[in-house]
Amino acid sequence: RFGHTDLGVYAAGAIREGGKKSVKLSQSHILKTDREAASKYIMLAFLALTALAPFCMSSYRVLLLSKICLLSICALSNTFLSGYGGMSSFAHISFYGITAYTIAIGVQMLGKPYWIMALLGVGLTLVVAALYAMVSVRANGRYFFQISMAFLQLIYLTVITAAELTRGVAGI
């Protein structure tokens, strides 16, 4: 499509008379921008379909789609943290669980409205994340990994031992 890779492609309008100034774009750069544009269109299409889902799908499929979206956000957070940040962590899934348990306990056991419990869950997660960050911010490499694993186990054991509230391994 672009010819030989050594030739390159010149940007339109960037070449002045006499060859004084030219901008050379490589084939890989153009392919990268094509992929970025395609991913933006795919994301926009996905968002449009997600917005229209409650009007054209059954409630079960909407629930399934919302679970897929939430778990995709968790997977993306892991990708950003490990891929771009270079740190492997298990703490982010603990934050997801703290928010989920706060909402579930408040709505099912206390009878509170969902939106109030969602705000409370996010607030509680922010406080716990700040405490976790104070401990783990100076660690790197395997020590950061060990701290995040210990935090995950702390949250797990808290959920398991508070069986009256969380129903232990059976969940809410």
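**Comments concerning the packing of helix α4 (residues 114-136) against helix α5 (residues 142-161)**
Now for step 1: Where α4 contacts α5, the two axes come as close as 10 Å, and the packing angle between them is 145 degrees. Two packed elements cross with a definite hand, and for α4 against α5 that hand is right-handed. From α4, V128, Y132, V135 and S136 reach across to α5, where they touch F144, I147, S148 and F151.
Now for step 2: A class-by-class count of the residues in the contact of α4 with α5 yields six nonpolar, two polar and no charged.

**Quick notes on the confidence of the model for the chain**
Now for step 1: On average, residues of the chain score 77 in pLDDT, and 81% of them are at 70 or above.
Now for step 2: Here strand β1 (residues 9-10) is the element of the chain with the lowest mean pLDDT, 42, and α4 is the one with the highest, 91.
Now for step 3: For residues 1-18, every residue scores under 50 in pLDDT, and the model assigns this stretch 27 contacts once sequence neighbours within four places are set aside.

**Examining the nonpolar core**
Now for step 1: In terms of nonpolar packing, the biggest core is built from nine residues, these being A91, F95, I98, V128, Y132, A139, F144, F151 and I155.
Now for step 2: Secondary-structure elements contributing two or more residues to this core are α3 (91-109), α4 and α5.

**Points about the packing of aromatic side chains**
Now for step 1: Applying the stated criterion to the full structure yields four aromatic pairs.
Now for step 2: Measuring from centroid to centroid gives 5.6 Å for F95 and F151, while their planes differ by 55 degrees, and the two rings are tilted. With a gap of 56 residues between them, F95 in helix α3 and F151 in helix α5 connect regions that are remote in the sequence. The same class applies to F95 as to F151, namely buried.
Now for step 3: On the numbers, 5.1 Å between centres and 80 degrees between planes, the contact of Y114 with W115 is edge-to-face.
Now for step 4: With relative accessibility at 42%, the residue Y114 sits in the partly exposed group.

The rules we used
Residues numbered from 1 in each chain as written. Predicted model: local features only at pLDDT ≥ 70, side-chain atom pairs only at ≥ 80, totals over all residues. Heavy atoms only, no water. Axes fitted to C-alpha atoms, helices over the stretch in contact; angles between N-to-C directions. Helix = DSSP H or I, 4+ residues; strand = E, 2+ residues; numbered from the N terminus. Left-handed = near helix turned anticlockwise from the far one by under 90°. Contact = heavy atoms within 4.5 Å. Nonpolar A, V, L, I, M, F, W, Y, C, P; charged D, E, K, R; others polar. pLDDT = per-residue confidence, 0-100. Core = buried A, V, L, I, M, F, W, Y, C linked by side-chain atoms within 4.5 Å. Buried < 20%, exposed > 50% of the residue type's maximum accessible area, 1.4 Å probe, protein only. Phe/Tyr/Trp six-rings, centres within 6.5 Å; stacked < 30°, edge-to-face > 60°.

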